[in-house]
Amino acid sequence: MLFTKIFLQIISVFFYTQMRLQSSAYDHNNSTEKMEVVIEQGVLKGVQNKTLLSNKPYVSFLGIPYAKPPVNDLRFKPPVKHPGWSGILKAISEMDRCMQYAFGTNDIIGSEDCLYLNVLVPQVVKTQNGLNEKLAVMIFIHGGAFNYGCGSVNEQSPDYLLDENVIVITLNYRLNALGFLNLDIDECPGNMGLKDQLFAIKWIKANIAAFGGDVNNITIFGESAGSASVHYHTMSPQSTGLFQKAIMQSGCAFNPWALNENHRVSAFKLANNLGCLSSDPNEIVRYLRNVSAIDLVKETKFKDDNGFLDYKFVPSIESDMVSNRFLSAHPETLATIASPVPVIVGLNNMEGIIALSEYRLSKFSDLQITDEISKLFNNQYSTEVISKIKDFYFNKCNNNCETAKLENICHLHSDVFFVKDFNRGLDYFLKQNVTPVYIYEFKFDGELNAIKNWIFATRTVLRHALKGACHADEIYYLFHNNLSGVVPKPNSPELEMCKTMSKMWSNFAKTGDPNSLNLSFKWNYASASDINYLSIDGDRTQMTQGMINNNRSRFWKDLIKEFIV
């Protein structure tokens, strides 16, 4: 599927602050206590820290290898069990991210040896009978369009969630061609990055009791590509039973950037670009294993006929010739047979703000709108369809309502990349009608909306004109952005939103219900016969009847039914 230049903007803005990992940002010299844990692989030594807001003690175990380094003969293969270590592994600093492009440059950063995870454990709480309480476990899967990002807690620290007494785990998984090249053979089956995630979840289930975690109370959650990954895990039979709850933030398997249905074409093009002209998948794998990882990753940026950057190395359907398939069929098929779990699913109300660069806005002049809409869909739709889309989003605007036009440009990009396919995924959850489905729309607009603030850093008029939260803004109310150094002010709306978000997410992880008496509202779950969602907006947070963006959702549903399917 098309991965346009616009989506490069989406992922590049989200990770603009990412840099090559340094040693831990935590001040180990001021640590008050160290802690050792014994697991199957060996002994781990962590270090104690305190959370940002409430100084709650917690122990961090950083840089734990959950699989063998996927190098040499293991390149392109599913993850393999790590043999362990002798002595004590000092888990006090993170390891490198998985190999990827650095934004804004042609430099490659990271390492092939990147399959590590971080475990952060709040201070142990004693029950009334003096026993240690088993803590709920939350596993976060990072976003980045399956080509960028990492699970660094030095950059995004889960302090607010740790204050709620849950264990938080972050992880790295292979990206781009190293994680998603698919040649339909066991030597290169595809979806290695998703299988890395699965392997890490299995590792966590096998070992988390040693950290004080409840092996029968695990929640997976993610944002953007991490959310799409969570969706895949809810559908794959291989993941069934490994977790009890799931949270999906702004991404699903049906989004146009989350599945490549022509993976063989992409694989052969990559090999050809690197000098391998063979049509034999086994020969191609042998050849590509001898190509340097840097050269391989450099060739993962393709351009389509329109000159757009087109990322092809994302999840794909695995051949029936492959053993232990993670995605054995199209997501539409897998969703109908998925084992139900309680879910939170949601979007931000202005996801498409992330596409509003000055360059992108200049393309939406009145004379170019039709062409730009067509390019959004890789010119695959008829003139009639493009005309209907244009009329829906832009005909009510005129030259005297620039803000409304900007909003509609934003809504168009939101719908193309997130909203219309979010509703498809949501329908399957609602039709299961077995476990609760909690739906939200995040619209809070505050000082911690880091992505929106960055996009409009030099355009403050637009920052204030376009109300709401853009793609990835909600992350900063669950995780503290260490690189920005921005801290919620005492008694501020931002601080209350951090507490509210972490309270709801952790409540759900603990009990399957995001509600509690110390929240000022009640979040009702939805059903196919009673669709409603929580509008998250500070003091204005409230339940709302109907679908998110009901008119736009109905437009796309009707359009797809009439013209596209």
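This text follows the structure it describes.
The rules behind the values
- Residues numbered from 1 in each chain as written.
- Predicted model: local features only at pLDDT ≥ 70, side-chain atom pairs only at ≥ 80, totals over all residues.
- Heavy atoms only, no water.
- Phe/Tyr/Trp six-rings, centres within 6.5 Å; stacked < 30°, edge-to-face > 60°.
- Helix = DSSP H or I, 4+ residues; strand = E, 2+ residues; numbered from the N terminus.
- Contact = heavy atoms within 4.5 Å.
- Polar contact = N/O pair within 3.5 Å; in protein donor to acceptor, adjacent residues only side chain to side chain.
- Disulfide = S-S within 2.5 Å.
- Buried < 20%, exposed > 50% of the residue type's maximum accessible area, 1.4 Å probe, protein only.
- Pairing = 2+ DSSP bridges.
- Arc of directions from axis to C-beta.

Asker: Any chance you could explain the packing of aromatic side chains here in plain terms?
Answerer: What characterises a pair of aromatic rings is the spacing of the ring centres plus the angle enclosed by the ring planes. Enumeration according to the criterion identifies 25 aromatic pairs in this entry. Here Tyr440 and Trp505 contribute two aromatic rings whose centre-to-centre distance is 5.4 Å and whose plane-to-plane angle is 65°, an arrangement assigned as edge-to-face. Residue Tyr440 is located in strand β18 (residues 437-442), and its partner Trp505 is located in helix α16 (residues 493-511); the two are separated by 65 residues in the primary sequence. Geometrically, the ring pair formed by Tyr440 and Trp523 is edge-to-face, given 6.5 Å between the ring centres and 85° between the ring planes.

Asker: How should unusual backbone geometry be read in this particular structure?
Answerer: Among all residues save glycine, negative phi is the norm, and among peptide bonds the norm is trans. Even without being glycine, Asn55 reaches a positive phi, approximately 55°. Assignment of secondary structure puts Asn55 in the loop between β2 (42-50) and β3 (57-65). Notably, Phe146 is not glycine yet its phi reads approximately 65°, a positive angle. Mapped onto the secondary structure, Phe146 falls in the loop between β8 (135-141) and β9 (156-157).

Asker: What is the right way to look at the environment of Glu112 in this model?
Answerer: You can see Glu112 is positioned in the loop between β6 (108-109) and β7 (116-122). A sequence separation of 42 residues divides Glu112 from Pro70, and the C-alpha atoms of the two residues are 6.6 Å apart. In contact with Glu112, not counting residues within four places along its chain, are Pro70, Val71, Arg75, Met99, Leu178 and Ala293. Among the polar contacts listed, one links the side chain of Glu112 to the side chain of Arg75, at a separation of 2.9 Å.

Asker: Looking at this model, I keep getting lost on the state of the cysteines. Mind explaining?
Answerer: Such a bond, covalent and formed between the sulfur atoms of two cysteines, is termed a disulfide. Summed over all chains, the structure comprises 1 disulfide. What pairs with Cys98 in a disulfide is Cys114, and their sulfur atoms sit 2.1 Å apart. Between Cys98 and Cys114, the disulfide has an S-S torsion of 85° and is therefore right-handed. With Cys98 in the loop between β4 (88-90) and β5 (100-101) and Cys114 in the loop between β6 and β7, the pair connects residues that are 16 residues apart, well separated along the chain. Neither Cys98 nor Cys114 differs from the other in exposure class; each is buried. For the unlinked cysteine Cys150, the closest cysteine sulfur is that of Cys98, found at 8.9 Å. You can see Cys470 has no disulfide; the closest cysteine sulfur is in Cys410, sitting 8.2 Å from it.

Asker: It is not clear to me how the pairing of β8 should be interpreted in this structure. Could you clarify?
Answerer: For a regular strand, side-chain orientation follows a simple rule: the groups alternate between the two sheet faces. Burial within β8 is extensive, with 7 of its 7 residues counted as buried. Where β8 and strand β13 (residues 213-223) come together, 6 bridges link them in parallel fashion. Considered in β13, the bridge of Ile139 is made with Ile220. Sheet topology places β8 next to strand β10 (residues 167-171); 4 bridges connect them, and they run parallel. Following the sheet pairing, Ile139 is matched in β10 by Ile169.

Asker: So what exactly am I meant to see when it comes to helix α6 (residues 263-273) here?
Answerer: Since there are 3.6 residues in each turn of an α-helix, residues three or four apart along the chain are aligned in direction. Every buried residue belonging to α6 is among His263, Ser266, Ala267, Leu270 and Ala271, and all of these are buried. The buried residues of α6 all sit within an arc of 130° when viewed along its axis, so they share a single face. Immediately downstream of α6, the backbone of Gly275 shows phi near 100°, a positive value.

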